[in-house]
Amino acid sequence: MLHGVQRRALARAFHGQGSRTWLIVGTAAWLLRTANRLRSKQPQTVYLEALAPGERLVIDHLPPPPTSRRARRQARS
């Protein structure tokens, strides 16, 4: 949602009327998105359980994120 607000606000600030208010709204949306992105980089506990003797733990990883813009857009939808 913030991405859309940011995009519209900055488009109106630079390509539309040149409004300073839209520039501030777009900048604030960008700052919120950046703060959320930085905050979410912390590792999350996905599974937590004690192992009994003789049990084993298998760790698997997620596939790498898409690298192209088109692939990222398709993954989002």
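This is a predicted model, so every value here is computed, not measured.

> Explain the overall build of the chain here, please?
When helices and strands are tallied, the chain shows 3 helices and 0 strands. Scaling as 2.2 N^0.38, a compact globule of 77 residues should have a C-alpha radius of gyration of about 11 Å, whereas the chain reaches 20 Å, well beyond that. The principal-axis extent of the C-alpha atoms belonging to the chain is close to 70 × 25 × 15 Å. Of all 77 residues assigned to the chain, the portion counted as buried reaches 6%.

> Explanation requested: the layout of surface pockets in the structure shown.
Empty space among the atoms becomes visible once a probe the size of a water molecule is rolled across them. Counted as a void, the second largest pocket has a volume near 360 Å³. In this structure, the second largest pocket is lined by 14 residues; those nearest its centre are V46, Y47, L57, V58 and I59. Looking at the lining of the second largest pocket residue by residue, the class counts come to 9 nonpolar, 1 polar and 4 charged.

> Can you walk me through helix α1 (residues 2-14) in this structure?
Note on helix geometry: an α-helix contains 3.6 residues per turn, so any two residues three or four positions apart are oriented the same way. The first and last C-alpha atoms of α1 sit 18 Å apart over 13 residues, in line with the 18 Å expected at 1.5 Å per residue. Buried within α1 are the following residues: Q6, A9 and A13. Buried residues of α1, seen end-on, are gathered within an arc of 75° and therefore sit on one face of the element. For α1, the exposed residues lying more than 90 degrees away from the buried face are R7 and R8. Taken together, the buried residues of α1 touch α2 (20-39).

> What is the right way to look at a nonpolar patch on the surface in this model?
Together, M1, V5 and V25 line one region of the surface with nonpolar side chains, adding up to about 310 Å² of accessible area. According to the relative accessible area criterion, M1 is exposed, its value standing at 90%.

About the cut-offs
- Residues numbered from 1 in each chain as written.
- Predicted model: local features only at pLDDT ≥ 70, side-chain atom pairs only at ≥ 80, totals over all residues.
- Heavy atoms only, no water.
- Helix = DSSP H or I, 4+ residues; strand = E, 2+ residues; numbered from the N terminus.
- Rg over C-alpha atoms; globule rule 2.2 N^0.38 Å.
- Buried < 20%, exposed > 50% of the residue type's maximum accessible area, 1.4 Å probe, protein only.
- 1 Å grid on protein atoms, 1.4 Å probe; cavity = no way out; pocket = protein on both sides within 12 Å on 5 of 7 lines; lining within 4 Å.
- Points joined across faces, edges and corners; volume = space filled by probe spheres on them.
- Nonpolar A, V, L, I, M, F, W, Y, C, P; charged D, E, K, R; others polar.
- Expected span 1.5 Å × (residues − 1).
- Arc of directions from axis to C-beta.
- Contact = heavy atoms within 4.5 Å.
- Patch = residues over 30% accessible without salt bridge, like charges linked within 9 Å, V, L, I, M, F, W, Y side chains within 5 Å.
- Areas by Shrake-Rupley, 256 points an atom, 1.4 Å probe, with all protein chains shown as cover.
- Salt bridge = Lys/Arg side-chain N within 4 Å of Asp/Glu carboxyl O.

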